[in-house]
Amino acid sequence: MTQQDYGFGNECSSEDPRCPGSLPEGQNNPQVCPYGLYAEQLSGSAFTCPRPANKRSWLYRILPSVKHKPFTQIPCGDLTENWDDVEPDPNQVNQQNSSATILSRFSGLHTICGAGDSKSRNGISIHVFTCNSSMVDRCFNNSDGDFLIVPQQGELLITTEFGKMMVEPNEICVIQQGMRFSVDVFGETRGYLLEVYGAHFELPDLGPIGANGLANPRDFLCPVACYEERTVPTGYTVINKYQGKLFSCRQDFSPFNVVAWHGNYTPYKYNLKNFMVINCVAFDHADPSIFTVLTAKSTRPGVAIADFVIFPPRWGVADHTFRPPYYHRNCMSEFMGLIKGHYEAKEEGFQPGGASLHSVMTPHGPDVDCFEKNTSAELKPERVAEGTMAFMFESSFSMAVTKWGLETCQKLDKSYYQCWEPLRSHFNPNWKPSKQ
């Protein structure tokens, strides 16, 4: 199993080495494909999108994906798009990590929060997954949007129509809308999942940073074609997420029967250690947008449906500055997760596998220990977040927390607000500036 170093969003091609010459030459849809394959196009954008935004791939497969029994609706478990299940709650939300449970027909997928609507193709959902069982003779297909998967514990071997990807903690992968995939795990596994409707992830514009920096396009990997010619007499199950509900159908063959493919609409993975960090080298605190890995843009310039932002190990060198994240009220929603280590603004109250949500205009910031420590610290160059990887899903949507996120999971930290309660006034009306 290998991944190809194709770069982000490029035109790619791959054929299984067992079938050399399986990619048609000079055209997409010949009268008869090499090896007797079927040609099938997977469109990730409207046909008439401008060329830079036009996404599609051609798959050359043993049998087409249309060969299946009818879909029937199945239970959704804790997967939901019902944002009115509980009353709105603007309070800061902190959820402790969840232990692994058996994954059965995606019952290990739990929706924490979200907003918008998959039917109108405009919105976002945030889920967590916990599992210790692989998907056997079944795959998942999201007709609603793109999945950005952030494993926190355990490796994921993800089989797609395009090939296989091994995704480990501190890596991410994106499975774009309509791509079928199956997941094998090797013990207790958990992580986070960001779902966006109506847009695909892009690299952020760099502006005055210039041509290089942040996540470099060349570090994104996509799979190599690797087909399965396998019949399943007992039936292979395809699970389809459609308009927020789950449906399943049966077929008698593996859907991962693609011998060759070409195009620019593929699954891909990225190792977060490759992120080239930009940071302040003089004074003050740059906004966290400088840590954006991927963005799903809205129709408003500069405003995202969702940004994926990380807080990686880096140097802190700012003079005359409170270096941790500042106190903040934001017109965006901020969902935080922790892959490993200790988050710099809350070293004790935020554990790997946990999550927090600071909703639109809800105040948040460093806890009292962080504030007291860093207002008196000697400001010398230091490594920040060593051994840590925290991340943020930031969205312009005002997200609602689900009943599972607030009640059913029984992981809600109801004392979260108390980390700010000991903050005391340092106001001194007789303060005078020191003489230089």
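Residues numbered from 1 in each chain as written. Predicted model: local features only at pLDDT ≥ 70, side-chain atom pairs only at ≥ 80, totals over all residues. Heavy atoms only, no water.

Participant: Where do I start with the pairing of strand S13 (residues 171-175) in this structure?
Facilitator: Each regular strand displays side chains that alternate between the two surfaces of the sheet. Buried residues dominate S13, accounting for 5 of its 5 residues. Of the two faces of S13, the one carrying Glu-171, Cys-173 and Ile-175 and the one carrying Ile-172 and Val-174 are both buried. Relative to S13, strand S10 (residues 146-153) runs antiparallel, the two sharing 3 bridges. Bridging across to S13, Ile-149 finds its partner in Cys-173. Bridging between S13 and strand S20 (residues 268-271) involves 4 bridges; their strand directions are antiparallel. (Buried < 20%, exposed > 50% of the residue type's maximum accessible area, 1.4 Å probe, protein only. Helix = DSSP H or I, 4+ residues; strand = E, 2+ residues; numbered from the N terminus. Pairing = 2+ DSSP bridges.)

Participant: Explain the pattern of salt bridges to me, please; I cannot follow it from the model alone.
Facilitator: Pairing is possible between side chains that carry opposite charge, provided their charged atoms lie close to one another. Counting across every chain of the model gives 14 salt bridges. Measuring nitrogen to oxygen at the nearest pair gives 3.4 Å for the salt bridge that ties Asp-205 to Lys-297. Taken together, the positions of Asp-205 in the loop between strand S15 (189-197) and strand S16 (222-223) and Lys-297 in strand S21 (residues 292-297) put the pair 92 residues apart, joining distant regions of the chain. For Asp-205, a relative accessible area of 64% corresponds to the exposed category. Here Arg-424 ties to Glu-372 by a salt bridge, and the two come within 3.9 Å at their closest N and O atoms. Taken together, the residues span a long stretch of sequence, with Arg-424 in the segment after helix H2 (403-408) and Glu-372 in helix H1 (residues 368-375) at a distance of 52 residues. Since its relative accessible area comes to 54%, Arg-424 is described here as exposed. (Salt bridge = Lys/Arg side-chain N within 4 Å of Asp/Glu carboxyl O.)

Participant: Can you walk me through the confidence of the model for the protein in this structure?
Facilitator: Interpretation of the predicted coordinates at a detailed level should be avoided for regions scoring low in pLDDT. A residue-level look at the protein finds 95% of positions with pLDDT of 70 or above and a mean pLDDT of 92. Segment residues 99-106: pLDDT under 50, and 22 contacts once partners within four positions in sequence are set aside and those in other chains are kept. (pLDDT = per-residue confidence, 0-100. Contact = heavy atoms within 4.5 Å.)

Participant: Would you mind showing me how to read the packing of aromatic side chains here?
Facilitator: Each aromatic ring pair is characterised by the separation of its centres together with the angle its planes make. Summed over all chains, the structure comprises 18 aromatic pairs. Ring centres of Phe-220 and Tyr-268 lie 5.9 Å apart, and the angle between their planes is 75°; this geometry places the pair in the edge-to-face category. With Phe-220 in the loop between S15 and S16 and Tyr-268 in strand S20, the pair connects residues that are 48 residues apart, well separated along the chain. The rings of Tyr-192, Phe-308, Phe-335, Phe-391 and Phe-393 are connected pair by pair, giving a single aromatic cluster. (Phe/Tyr/Trp six-rings, centres within 6.5 Å; stacked < 30°, edge-to-face > 60°.)

Participant: Please clarify how the UniProt feature "binding site: homogentisate" (unreviewed entry) in the protein should be interpreted in this entry.
Facilitator: Residues given the UniProt feature "binding site: homogentisate" (unreviewed entry) here are Tyr-343 and His-364. Their sequence span is 22 residues, while the largest C-alpha to C-alpha distance among them is just 14.1 Å; these annotated residues converge on one region. Relative accessible area serves as the criterion here: at 9%, Tyr-343 is assigned to the buried category. Every residue in contact with Tyr-343, bar those within four places of it in the chain, is listed here: Pro-325, Met-336, Leu-338, Phe-350, Thr-388 and Ala-390. Within the secondary structure, His-364 is located in the loop between strand S25 (355-358) and H1. When its relative accessible area of 10% is taken as the criterion, His-364 is described as buried. (UniProt positions renumbered as here; feature names shortened; annotations may be inferred.)

Participant: Looking at this model, I keep getting lost on H1. Mind explaining?
Facilitator: Working note: α-helix, 3.6 residues per turn, so residues spaced by three or four point in the same direction. Here H1 has its buried residues at Val-368, Cys-370 and Asn-374. Looking down the long axis of H1, one finds its buried residues gathered within 165° of arc, a one-sided arrangement. Among the exposed residues of H1, those oriented more than 90 degrees off its buried face are Asp-369 and Lys-373. (Arc of directions from axis to C-beta.)

Participant: So what exactly am I meant to see when it comes to the sheet that holds strand S4 (residues 56-61) here?
Facilitator: Sheet strands associate in pairs through backbone hydrogen bonding, adopting either a parallel or an antiparallel arrangement. Spatial strand order, S2-S19-S4-S3: 4 strands in an open sheet with antiparallel pairing. Two strands lie at the open edges of the sheet, namely strand S2 (12-15) and strand S3 (38-43), each paired on one side alone. On average, adjacent strands in this sheet sit at an angle of 20° to one another, irrespective of strand direction. (Axes fitted to C-alpha atoms, helices over the stretch in contact; angles between N-to-C directions.)

Participant: Sorry, what's going on with the nonpolar core here?
Facilitator: In this structure, Leu-148, Leu-294, Phe-308, Phe-335 and Phe-393 are the most contacted members of the largest nonpolar core, which totals 57 residues. Those residues within four positions of Phe-308 in sequence are excluded, and the remaining contacts are Leu-148, Val-150, Ile-172, Leu-272, Phe-291, Thr-292, Val-293, Leu-294, Phe-391, Met-392 and Phe-393. (Core = buried A, V, L, I, M, F, W, Y, C linked by side-chain atoms within 4.5 Å.)

Participant: Mind showing me how you'd approach the environment of Thr-234 here?
Facilitator: Tracing the sequence through the fold places Thr-234 in strand S17 (residues 231-242). Put simply, Thr-234 and Gln-251 are 17 residues apart on the chain and 9.1 Å apart in space, counted from C-alpha to C-alpha.

Participant: Even after reading the chapter, I still don't get the side chain of Glu-161, so can you show me in this structure?
Facilitator: Considering the arrangement of structural elements, one finds Glu-161 in the loop between strand S11 (156-160) and strand S12 (163-167). Within the structure, the side chain of Glu-161 is placed 2.8 Å from the side chain of Arg-61, a separation counted as a polar contact. Here Arg-180 takes part through its backbone nitrogen, which lies 3.0 Å from a polar atom of the side chain of Glu-161. In this structure, Glu-161 is in contact with Leu-59, Arg-61, Gly-178, Met-179, Arg-180, Pro-255, Phe-256 and Val-258, ignoring residues within four places of it in sequence. (Polar contact = N/O pair within 3.5 Å; in protein donor to acceptor, adjacent residues only side chain to side chain.)

Participant: Would you mind going over the sheet that holds strand S8 (residues 122-131) with me for this structure?
Facilitator: Here 7 strands make up an open sheet; going across it, the order is S20-S13-S10-S15-S8-S7-S28 and the pairing antiparallel. In this open sheet, the two strands that pair with only one neighbour each are S20 and strand S28 (400-401).

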